[in-house]
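# Analysis of the macromolecular model
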Amino acid sequence: MPKYAELQGVVGIHFDECQHVFTAVDTATNQKILDSFKSLLKDHNWPLMLIFSGIPSLATQIKKEEQLDRLLRVVSFDGIDLSRSSDKEELTHLFFSYGDKAGIGIEDLATVDFLQRLSFAACFRWGLVIEILIEAFSLAAFASDKTCTIDHFSEAFSKISGLSKGYSPFTLKDYQNNFDQAKMLAMIEQTRKKKAPRQKES
């Protein structure tokens, strides 16, 4: 891989939701993956910068390879807190930036209530906010809709969480009392595992 990366001028690779490449129990496959990551970082001809993102359990896997663990720097992101003006501005910026990129009308959704529902649906996690935005705008674009609606976001939430279509923080009036954040995160993680390609055991 370093050879092809060098030919294309690639200096970094991002492995999103990287915990899914590992099996739940320790296997030779897990060790091979860790060794591969270490080799990419330590290649003398074309060392690559690797970015691993995922849930905290990913750190447990990385720590099993001491040399790899020492080569990495851990960065943790605070959850979204809309009482902080900086978070509110950043969420608004993300919403409009992704909407502009998709070329979809979003002005009708630009309300404080919607931003609160969006951050709640994402369990106050920035990465999930981005996933929901991309999914909702993609649904609108594929349907050739000129504007993005609550229905698009509700469907996006269903696809990401695995919950029934129409049952979402975007549509329910008393959404904060109808959803348990811990259970929502567990369902989202379960849905991701189902979508992730299965590793062959060795």
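Above this note sits the structure.
A brief structural summary.

Rules and cut-offs
Residues numbered from 1 in each chain as written. Predicted model: local features only at pLDDT ≥ 70, side-chain atom pairs only at ≥ 80, totals over all residues. Heavy atoms only, no water. Salt bridge = Lys/Arg side-chain N within 4 Å of Asp/Glu carboxyl O. Helix = DSSP H or I, 4+ residues; strand = E, 2+ residues; numbered from the N terminus. Buried < 20%, exposed > 50% of the residue type's maximum accessible area, 1.4 Å probe, protein only. Polar contact = N/O pair within 3.5 Å; in protein donor to acceptor, adjacent residues only side chain to side chain. Contact = heavy atoms within 4.5 Å. Pairing = 2+ DSSP bridges. Right-handed = clockwise from strand over helix to strand, strands pointing away. Axes fitted to C-alpha atoms, helices over the stretch in contact; angles between N-to-C directions. Parallel < 35°, antiparallel > 145°, perpendicular 65-115°, else oblique. Left-handed = near helix turned anticlockwise from the far one by under 90°. Nonpolar A, V, L, I, M, F, W, Y, C, P; charged D, E, K, R; others polar. Phe/Tyr/Trp six-rings, centres within 6.5 Å; stacked < 30°, edge-to-face > 60°.

### Comments concerning the pattern of salt bridges
Across all of its chains, the model carries 8 salt bridges by this definition. Across the pair Arg70 and Glu66 runs a salt bridge whose closest N-O atoms are separated by 3.2 Å. Of this pair, Arg70 and Glu66 both sit in helix H4 (residues 66-71), separated by 4 residues, roughly a single helical turn. Accessibility expressed as a relative area gives 59% for Arg70, which makes it exposed. Residue Glu66 is classed as exposed on the basis of its relative accessible area of 54%. Each of Asp81, Arg84 and Asp87 takes part in a single network of salt bridges with overlapping partners.

### Let's talk about the side chain of Glu189
Inspection of the secondary structure assignment puts Glu189 in helix H10 (residues 181-195). Side-chain polar atoms of Glu189 contact the side chain of Gln19, separated by 3.5 Å. Contacts of Glu189, omitting those with residues within four sequence positions, involve Gln19, His20 and Ile55.

### Focus: the pairing of strand S1 (residues 12-15)
Successive side chains on a regular strand alternate, one facing one side of the sheet and the next facing the other. As paired elements, S1 and strand S2 (residues 49-52) share 4 bridges and run parallel to each other. Counterpart to His14 in the pairing with S2 is Ile51. The handedness of the S1 to S2 crossover, carried by helix H2 (residues 28-42), is right-handed.

### Things to note about the packing of helix H7 (residues 126-142) against helix H8 (residues 150-161)
It is at 8 Å that the axes of H7 and H8 come closest, and there the two elements cross at 120°. By the angle between their directions, the pair H7 and H8 is classed as oblique. Note on packing geometry: the crossing formed by H7 with H8 is right-handed. Contact residues: Leu128, Glu131, Ile132, Leu133, Glu135, Ala136, Phe137, Leu139 and Ala140 in H7; His152, Phe153, Glu155, Ala156, Lys159 and Ile160 in H8. Class assignment of the residues belonging to the contact of H7 with H8 gives a composition of 10 nonpolar, 1 polar and 4 charged.

### Focus: the packing of aromatic side chains
Evaluated as defined, the whole model comprises 14 aromatic pairs. Both rings, one in Phe95 and one in Phe137, keep their centres 6.3 Å apart while their planes meet at 35°; by these two values the pair is tilted. Placement of the pair is Phe95 in helix H5 (residues 85-102) and Phe137 in helix H7, with a sequence separation of 42 residues. The pair Phe95 / Phe137 is uniform in exposure class, with both members buried.

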